[in-house]
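The lines below spell out each chain.
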Amino acid sequence: MRTIKFQLNGEARAVEAWPDEPLLDVLRESFKLKSLKSGCAPQRECGACLALIDGQPKVTCAVRIEQVEGRSVTTLEGVAEDERRLYADAFQAAAGLQCGFCTPGFVLRIKWMTDQGEKLTRAEIARVLDGHLCRCTGYAKIIDAVELIQAAKLGGAAPAVVENGGVGQPLKRYQGGELALGERPFVADVDAPGLLYGVVALSAHARARIVKIDVAKARALPGVVAVATAKDVPGERWIGQIYADWPCFVAEGEEARYVGDVLAAVAAETPRVAREAAKLIEVEYEVLPAVLDPAEALKPGAPRVNPKHDNLLSTTRYARGDAEAALAASAHVVSGVWTTQRIEHLFLEPEACLARPLPDGRLHIYSQGQGIFDDRRQIAAVLGEPEERLYVELAPNGGAFGGKEDMTIQAQTALLARLTGRPVRIALTREESIRIHPKRHPLTMTYTVGCDAEGRLTAVKADILGDSGAYASVGGKVLERAAGHACGPYRTPAVAIESVAAYTNNPPCGAMRGFGVNQTSFAIEGCLDLLAAKVGLDGWEMRWRNIVRVGDLTTTGQILEKSVGAAKTLLAVKPAYEAARAAGRAVGIACGLKNSGLGNGAIEYGKCRLVVQADGAIDLHTGFTEMGQGLLTVLTQCAVEVTGLPASVFRPQVNSRFEVGAGQTTGSRATLLAGRATIDAAEKLKADLDAGRTLADLVGKIYVGETRIDDTTAAGELKNGKIKTHTTYGFATQVAVLDEKGAVEKVIAAHDVGRAINPQLCEAQIQGAVQMGLGYALTEELPCKDGMPAIFKTREIGVLRAQHMPEVEVILVEEPEPEGPFGAKGVGEIGLVPTAGAVAGALAAYDGVRRMRLPMKDSPAARAINVGRFPDGEREQWH
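First, a word on what this report is: a plain description of the structure on this page. (Residues numbered from 1 in each chain as written. Predicted model: local features only at pLDDT ≥ 70, side-chain atom pairs only at ≥ 80, totals over all residues. Heavy atoms only, no water.)

1. With respect to the overall build of the protein chain
Across its full length, the protein chain holds 23 helices and 32 strands. Scaling as 2.2 N^0.38, a compact globule of 879 residues should have a C-alpha radius of gyration of about 29 Å, and the protein chain matches this with 26 Å. Each of the three principal axes of the protein chain carries a C-alpha extent, and together these read 80 × 70 × 60 Å. A total of 879 residues make up the protein chain; the buried ones form 64% of that total. Within the protein chain, counting contacts between residues at least 6 apart in sequence, those at least 24 apart form 79% of the total. Total accessible area on the protein chain stands at roughly 28,600 Å², and carbon and sulfur atoms take up 50% of it. A distance of 1 Å separates the average location of the 99 positive side-chain charges in the protein chain from that of its 107 negative side-chain charges. (Helix = DSSP H or I, 4+ residues; strand = E, 2+ residues; numbered from the N terminus. Rg over C-alpha atoms; globule rule 2.2 N^0.38 Å. Buried < 20%, exposed > 50% of the residue type's maximum accessible area, 1.4 Å probe, protein only. Contact = heavy atoms within 4.5 Å. Areas by Shrake-Rupley, 256 points an atom, 1.4 Å probe, with all protein chains shown as cover. Lys, Arg positive; Asp, Glu negative; His and termini not counted. Charge placed at Lys NZ, Arg CZ, Asp CG, Glu CD.)

Right, dumping it as structure tokens:
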């Protein structure tokens, strides 16, 4: 180590550091400057770790500390307070942030950009922001924020932040200003006295028997405090959401089943020592042939992937009418095989967990999971302790999209804290994150669809096969949802659907935004386009003749009784669709539906507690996760609408002080359930206020809000004499318009949201979902070679940057849902359900090629985008 001297935020500073240590690590750990985030280190591709070095923007994960000797470094903490407030207000006014993990890096780049004194166009702004990645927003509202900042710096008005608002009104995001400036800590930002740093050692092979794990050298390394293996687990080693088939540590004598299996975990005094120790762990493997193809996995005699379950994870069937006879009698029939790819969530915040022993013997867990009460249950089982011994708190979640439903390193972190008696934090690198957490399912879908001479559908027959990887996660439910939405939002008299999930030694696949529905949407929309061509109809008319309305049946046989705005979304896009076609543009159109609520027979709860505090605030407790979608803001608006109190009174939070657990934040259901529960609690508070009592009179009073949904039906089941697969559905129509070179120029997205509780945040959710949908359609994939992800760099994974995004026009259609809070229903997932189908249709109109495999990298739309590219010839070698 040596002393490095430099200027930091205007002050002369010196630090003892290894010369090759990344500047990012030194700034975060030695100087506690947490506005810089580690999103992709050391790839230098996401921009979250940006600083100004001698006035120029640089990503600090790629700069060694010795390289700044004698130079000037400025972080967001060193910017003048009035200027910081401008940036925070602009992002709040524009709704330019969601999870907020990437935002401080954007802000510092924007400071540098707008300090140049030039007024840039939106296209120029997008190009300047190319070094930054956002997975949430779709970038449009970030650019809106830049325009507000530009205007203010050039003498215009300061951004106007909306401080109060009820249902149907804009309201600033809860703690959005703090997130924009990097002041609200994520898990990896939280420190504790005596903190130890944890690292996990992962399997090097997709399938291998673990002969021996030798940790002696790791334990002997100075600075190492503990090394844990399966032998150290006092309770249950096998965990999981539905099936307990996933070991938190693989033991000697057992098989490693994928390359994210944890073999050991280290706790050390510094991150550097922890990583050095992990490299010293010696593992003797007996490498076995991996099962990598789900079709092969289901054949007789195939090696069993998981000892807890056969290779056939699940089968879901739906049948109505005689599909074969209906197809035989159809005027037109199309068939084909559609395939979709494995997708990496690439949330900007890699997984992290902090476990801190409390004086009373409990363990305080800081989690970023999508269901902290599920985390508590599983951690307690691993530790062999009652759940009351754990206090779990949601730290801000830097994006999830389904990828943080399953446990990753929470159990290992807690175990190390118990073994050492000290706080322990494990923060995964981007590569570790990609190896460990579940992905979006790759599906193979064989469809045969018929229609009559006028284009009205007669039957859909579909066989769907999904690769669920090494562990169940929620894979069976994903394939169940794919089956239940297999006909899209279209009337289909006869249905024959079979959907199968299989275990393999590939990375597990589980929940990801869309949950199997965007896969089958791609297939059914392709079928409608092919049938339209046979009948002689355009895409809009084909869909208009088949779109579901009140009284029609879904794929599962559920009669739609209410809040069916699908036809309204079609009407909303009709002018734009016709105008683009009249202008000679290549245009594609697709419709979609997506459940809101788990349904399928699950009993679901929403729970809320409102607690009046002595300082005049009201704590609002929910068990659902805020992960950028704006849930805490929306719940605040529900409480404001009922009570008439200002939004500033409410302090929403997620922790286990009260038993408000209601499962995972998934299925586009958090607003539906938590909103209903918040209304219930708020009405009780309102009754006391109407009786003349003040908040001062009510200090300490707890208002309980709860709701329950227990009337949905599993496949093949009836309740109250009918099928009700889901409580409600969102509906959408999207139109993709290409330019003269075949690139996507514009997307029009009309969405039936029931009621937009916060229209600005609702629009932002849809814009971000369309960004994800375009990447899914054109550039994104996570291929594997021998079960190991073949790529880890964010640009190769293919997530779109600001300069790649077309204009996205969002049209909110409100068809109120009687069972939703103030008529609302979930919008978190449906935003990307129709996107790939619309883009595929537009491309077919452009060059006559019907593409049936995602991503459509051979298309002119994909070639216009400079991410998601691999070396020539390699893609076909990967799974």
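2. Some details on the packing of aromatic side chains
Throughout the structure, instances matching the rule amount to nine aromatic pairs. Ring centres of F6 and F31 lie 6.0 Å apart, and the angle between their planes is 90°; on these two criteria the pair is classed as edge-to-face. With F6 in strand β1 (residues 2-8) and F31 in the loop between α1 (23-30) and β3 (50-53), this residue pair connects regions lying 25 residues apart in the sequence. The two residues F6 and F31 agree in class, both being buried. Relative to F731, the ring of Y729 has its centre 6.3 Å away and its plane inclined at 45°; by these criteria the two rings are tilted. Grouping residues by exposure puts Y729 and F731 together as buried. Among the aromatic residues, ring-to-ring pairing joins W246, Y258 and Y471 into one connected group. Here the guanidinium or amino end of K308 rests over the ring plane of W238, the centre of that ring lying 4.7 Å away. (Phe/Tyr/Trp six-rings, centres within 6.5 Å; stacked < 30°, edge-to-face > 60°. Lys NZ or Arg CZ within 6 Å of the ring centre and 35° of its normal.)

3. Description of the pairing of strand β18 (residues 390-394)
Extensive coverage of β18 is indicated by the burial of four of its five residues. The pairing of strand β17 (residues 363-367) with β18 spans five bridges and is parallel. In the sheet register, I365 faces β18, and the bridge partner there is V392. For the segment spanning β17, helix α11 (residues 372-383) and β18, crossover handedness is right-handed. (Pairing = 2+ DSSP bridges. Right-handed = clockwise from strand over helix to strand, strands pointing away.)

4. Description of the sheet that holds strand β23 (residues 587-596)
If you walk across this open sheet you meet the four strands as β23-β28-β29-β32, and the pairing is mixed. Each of the sheet's edge strands pairs with one partner strand only, and the pair in question is β23 and β32 (807-813). Within the sheet, the average angular offset between the axes of one strand and its neighbour, ignoring direction, is 15°. In this sheet, strand β29 (residues 744-752) lies alongside strand β28 (residues 728-738) in antiparallel orientation, the contact comprising eight bridges. (Axes fitted to C-alpha atoms, helices over the stretch in contact; angles between N-to-C directions.)

5. Describing the pattern of salt bridges
Counted by the stated rule, this structure contains 79 salt bridges. When the shortest N-O distance is used, the salt bridge between R209 and E286 registers 2.9 Å. Note that R209 is positioned in strand β7 (residues 208-214) and E286 in strand β13 (residues 282-287), a separation of 77 residues in sequence. Each of the salt bridges in this network shares a partner with another, and the network as a whole consists of E29, K32, K34, D191 and R425. (Salt bridge = Lys/Arg side-chain N within 4 Å of Asp/Glu carboxyl O.)

6. Points about the sheet that holds strand β11 (residues 255-256)
As summarised here, the arrangement of the three strands in space is β11-β7-β13, forming an open sheet in which the pairing is antiparallel. In this open sheet, the two edge strands, each paired with only one partner strand, are β11 and β13. When β7 meets β13, the two strands line up antiparallel, connected through six bridges. The residue bridging I210 from the neighbouring strand is Y285, located in β13.

7. As for unusual backbone geometry
Of note, the amide linkage connecting A41 to P42 takes the cis form, showing an omega dihedral of 5°. Inspection of the secondary structure puts P42 in the loop between α1 and β3. A cis amide bond links L854 to the next residue, P855, at an omega of -5°. Summarising the element assignment, P855 is placed in the loop between α22 (835-847) and α23 (860-863). Here the phi dihedral of A95 falls at roughly 55°; this positive angle occurs in a residue that is not glycine. Structurally, the position occupied by A95 is in the loop between α2 (81-94) and α3 (103-114).

8. Structural notes on the packing of α3 against helix α5 (residues 140-153)
Two elements in contact, α3 and α5, have axes whose closest approach is 10 Å; the angle formed by their N-to-C orientations is 40°. Relative to α5, the element α3 lies oblique. Crossing handedness for the pair α3 and α5: right-handed. Of the residues in α5, those touching α3 at F106, I110, K111, M113 and T114 are I142, V146, I149, Q150 and K153. When its residues are assigned to classes, the contact of α3 with α5 shows six nonpolar, two polar and two charged. (Parallel < 35°, antiparallel > 145°, perpendicular 65-115°, else oblique. Left-handed = near helix turned anticlockwise from the far one by under 90°. Nonpolar A, V, L, I, M, F, W, Y, C, P; charged D, E, K, R; others polar.)

9. Section: the nonpolar core
Core analysis: the biggest nonpolar cluster contains 171 residues, and Y447 and L778 have the highest contact counts within it. No other element matches the nine residues that helix α20 (residues 759-778) contributes to this core. Aside from chain neighbours lying at most four places away, what touches L778 is V744, V839, L843, P855, M856, K857, S859, A861, A862 and I865. (Core = buried A, V, L, I, M, F, W, Y, C linked by side-chain atoms within 4.5 Å.)

10. Some words on α2
With 14 residues, α2 extends 20 Å from end C-alpha to end C-alpha; this agrees with the ideal 20 Å at 1.5 Å per step. A large share of α2 lies buried, amounting to 10 of its 14 residues. Among the structural elements, α3, α5, α6 (176-180) and α20 are those in contact with the buried residues of α2. Taken from the residues just after α2, A95 is the one with a positive phi, measuring 55°. (Expected span 1.5 Å × (residues − 1).)

11. A word on the environment of G565
Among the secondary structure elements, G565 is positioned in the loop between α16 (539-544) and α17 (566-582). What makes G565 buried here is its relative accessible area of 0%. Considering only alpha carbons, one finds G565 and A323, 242 residues apart in sequence, at a separation of 27 Å.

12. A closer look at the state of the cysteines
Under the definition given, this model contains zero disulfides. Of the cysteine sulfurs around C49, a residue in no disulfide, the closest is that of C61, at 3.9 Å. Counting only cysteine sulfurs, C134 is the nearest neighbor of C102, a cysteine outside any disulfide, at a range of 3.9 Å. (Disulfide = S-S within 2.5 Å.)

13. Some details on the packing of α20 against α22
Packing of α20 against α22 brings their axes to within 8 Å, and their N-to-C directions diverge by 55°. Comparing their axes, α22 and α20 come out oblique. In this structure, α20 meets α22 at a crossing whose hand is right-handed. Mapping the contact onto sequence places V770, G773, L774, Y776, A777 and L778 in α20 and T835, A836, V839 and L843 in α22. Each residue belonging to the contact of α20 with α22 can be placed in one class, and the counts come to eight nonpolar, two polar and no charged.

14. A few points about the environment of L36
Its location among the elements puts L36 in the loop between α1 and β3. On the accessibility criterion, L36 (1% relative accessible area) is buried. Put simply, L36 and D189 are 153 residues apart on the chain and 9.6 Å apart in space, counted from C-alpha to C-alpha.

15. Things to note about helix α15 (residues 517-535)
Over its 19 residues, α15 runs 26 Å from end to end, which matches the ideal 27 Å to within 8%, given 1.5 Å per residue. Of all 19 residues in α15, 15 are buried; the element is thus mostly enclosed. One or two positions beyond α15, positive phi appears at G536, with a value near 95°.

16. Side note on the side chain of E45
Counting through the fold element by element, E45 comes out in the loop between α1 and β3. No salt bridge is formed by the buried E45. Its closest oppositely charged neighbour is R801, at 4.7 Å. A polar contact of 3.0 Å, which involves the side chain of E45, links it to the backbone nitrogen of R795. (Polar contact = N/O pair within 3.5 Å; in protein donor to acceptor, adjacent residues only side chain to side chain.)

17. Looking at the environment of A267
Note on placement: A267 falls in strand β12 (residues 262-268). Residue classification places A267 among the buried residues on the basis of a relative accessible area of 0%. A sequence separation of 156 residues divides A267 from P423, and the C-alpha atoms of the two residues are 9.8 Å apart. Contacts of A267, omitting those with residues within four sequence positions, involve L196, Y197, G198, V224, V225, A226 and L416.

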